[in-house]
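# Structural characterization, general
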Amino acid sequence: MDSSTGIPVDVLPAGEEAVLVEVADLDDVLALDAALRSVAAEGTGPWSAATDLVPGARTLLVIAGPRADLAALSRSVREVAAAADRSRDPGRTGAAVVEIPVRYDGPDLGDVAALTGLTVADVVAAHTQMPWRVAFGGFAPGFAYLVGGDPRLRVPRRDTPRVSVPGGSVALAGDFSAVYPRPSPGGWQLIGTSDAVLWDVERQPPALLTPGTAVRFVDVGSDS
Amino acid sequence: MSPALEVVSSGALVLVEDEGRPGHAAVGVGRSGAADRGAYRLGARIAGHGEGRAALEVLLGGLAVRALGRATVVVTGAPAPASLDGRPVAHATLLDVPPGSILALGMPATGLRSYLTVRGGIDVDPVLGSRSTDTLSAVGPAPLRSGDVLPVGTPGGGFPTVDHVALPAPGNEASSLLEVLPGPRAAWVGGWGGGLGGLVGAVWTVTGDSDRVGLRLGGARVQRAVPWADVELPSEGLVRGAVQVPPGGEPVVFLADHPVTGGYPVVAVLTASAADRAAQLRPGDAVRLIPVT
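Everything in this summary refers to the structure shown in the same document.

About the criteria used
- Residues numbered from 1 in each chain as written.
- Chains lettered and ligands numbered in written order.
- Predicted model: local features only at pLDDT ≥ 70, side-chain atom pairs only at ≥ 80, totals over all residues.
- Heavy atoms only, no water.
- Helix = DSSP H or I, 4+ residues; strand = E, 2+ residues; numbered from the N terminus.
- Rg over C-alpha atoms; globule rule 2.2 N^0.38 Å.
- Buried < 20%, exposed > 50% of the residue type's maximum accessible area, 1.4 Å probe, protein only.
- Contact = heavy atoms within 4.5 Å.
- Lys, Arg positive; Asp, Glu negative; His and termini not counted.
- Charge placed at Lys NZ, Arg CZ, Asp CG, Glu CD.
- Areas by Shrake-Rupley, 256 points an atom, 1.4 Å probe, with all protein chains shown as cover.
- Pairing = 2+ DSSP bridges.
- Buried area = accessible area lost by both parts, 1.4 Å probe.
- Salt bridge = Lys/Arg side-chain N within 4 Å of Asp/Glu carboxyl O.
- Polar contact = N/O pair within 3.5 Å; in protein donor to acceptor, adjacent residues only side chain to side chain.
- Nonpolar A, V, L, I, M, F, W, Y, C, P; charged D, E, K, R; others polar.

## Some thoughts on the overall build of chain A
When helices and strands are tallied, chain A shows five helices and 13 strands. For 224 residues, the compact-globule estimate of 2.2 N^0.38 gives 17 Å, and the C-alpha radius of gyration of chain A, at 19 Å, lies within 12% of that figure. In terms of overall dimensions, chain A has a C-alpha envelope of 55 × 40 × 35 Å along the principal axes. Classification of the 224 residues of chain A by burial places 52% in the buried group. Here the analysis covers contacts within chain A between residues at least 6 apart in sequence; of these, 64% occur between residues at least 24 apart. Each charge sign in chain A was given a centre, from 18 positive and 28 negative side chains, and these centres are 1 Å apart.

## Things to note about the overall build of chain B
Counting secondary structure elements, chain B contains two helices and 20 strands. Counting only C-alpha atoms and orienting by the principal axes, one finds that chain B spans roughly 65 × 40 × 30 Å. In chain B, buried positions account for 55% of the 293 residues. In chain B, once contacts between residues fewer than 6 apart in sequence are set aside, the share between residues at least 24 apart is 77%. When the accessible area of chain B is evaluated, it comes to approximately 11100 Å², of which 56% is carbon and sulfur surface. Within chain B, the 25 negative side-chain charges are centred at a point lying 2 Å from the centre of the 22 positive side-chain charges.

## Quick notes on the pairing of strand β2 (residues 18–22) of chain A
Residues and elements named next belong to chain A. The element β2 is largely enclosed, with a buried count of four among its five residues. In terms of strand pairing, strand β1 (residues 10–13) meets β2 through four bridges, oriented antiparallel. Residue P13 lies in a different strand from β2, and its bridge partner there is V19. Between β1 and β2, which pair antiparallel and follow one another directly, the connecting turn spans four residues, one of which, G15, has a positive phi of 95 degrees.

## Section: the interface of chain A and chain B
Taken together, the contacts link 34 residues of chain A with 31 residues of chain B. Roughly 2400 Å² of surface becomes buried between chain A and chain B when both sides are summed, with 64% attributable to carbon and sulfur atoms. Remark: the boundary between chain A and chain B carries two salt bridges. A salt bridge links R37(B) to E17(A), with the shortest nitrogen-to-oxygen separation between them at 4.0 Å. The interface formed by chain A and chain B includes eight residue pairs in polar contact (both at pLDDT 80 or more). When contributions to the side of chain A that touches chain B are tallied by element, the ones reaching two or more residues are β1, β2, β3 (52–55) and β4 (59–63) of chain A. No other element matches β3(A), which puts four residues into the side of chain A that touches chain B. Of the residues belonging to the side of chain A that touches chain B, the class tally is 19 nonpolar, eight polar and seven charged.

Written out as structure tokens, the structure is:
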């Protein structure tokens, strides 16, 4: 088999109204998500009842509604996966990059510098220079797990989570960066603040960052 | 002119709920909607106003509403004793509420959530296509408070064709039976054929920290299979009815306001009908999970 095409999948049971599709890694999740999203948008055959595609770190949940033919849906998922281009990077081939302005004034900026062995200026440069992309959502409305940034920024969560992280906080944890859409508890390392509106139910779509979106952080200085 | 309902007493927790808001799970907002969809849909059917209109989900009674204009209503779900201006009225029965009259719901003897459906539906502003309150993501209308005035929609072309349905009360048995199907991570607890690590067969107790997000079950523990004992699961999508087993072994059964993703293995999933019945269980209720295929 040509290694550049076809995504190996394992379709797992998830009750009467959904199936969970497991793949090898996040790149395959994003490629399969893009492929399935266009099939789901057409809404033909077993996709007519489908309501949601929920990407995870290694899986895609297909929620298909109460009258779905899950066997037909599973067959369709396997066909789409077999025909999908595994080498395609939806973070690079998608639409425009979303730029997020950041004041790098977070309370954990010094800790992140210490943990990574970088200077504060290097942390800011590393966070802004490499593009990120949205892997998946979850946790809260509009919260997006961003991947693909500078690997030197890999830091552990804080030992003690904060009871309340301010909305707009720009944060790092593990392989991920994120912006908190609103105040919530959280254990990530806070490196900055953004005025970007990540979630607005009056906006279409309400989430600024949807799976596959490319993201670049822009340093706007700490006084602006 | 369409009637309205004035909230005289709001009880412990009364929420506006409908079929929910599918389509936003990838950006962190789950479907939500009525916790007992069957009871909600029965109310809509008796009210004769079609699908998708919002009703009131009443936790353990305590709601009293005054009709501003003439309202047609029905109570379904947990059989809360209902009264109209102090006179008892029947459950799952179409009721005429004259202008100024007060409909009150008492504490149901069994079950947890009653649905007060008014013909025409509760017509508050929808958010992302739904009037449901999602308690986890804080999307949708606020819980009702005394003094709120709820607009009622204009019914569509349909008319009520059923005026009463006789139902067994939920939760009368010594222990409730909930049917489960295999979950994606059944192997983590020894597999479907192996009784799911003790999940099937045990008598579980619904604990006090249960809500619209999920039921937490106690009284026994599910054992992880040896090869999966210390494996961490990357976050993956969740469905209503998912039975998740955290490291401590006490399962969580997810209900209408479940998180869109979770980081512990889902070893079984309730049938849709069982998920409705799960939403009627009270803290302290005994429950067993029965595999079906």
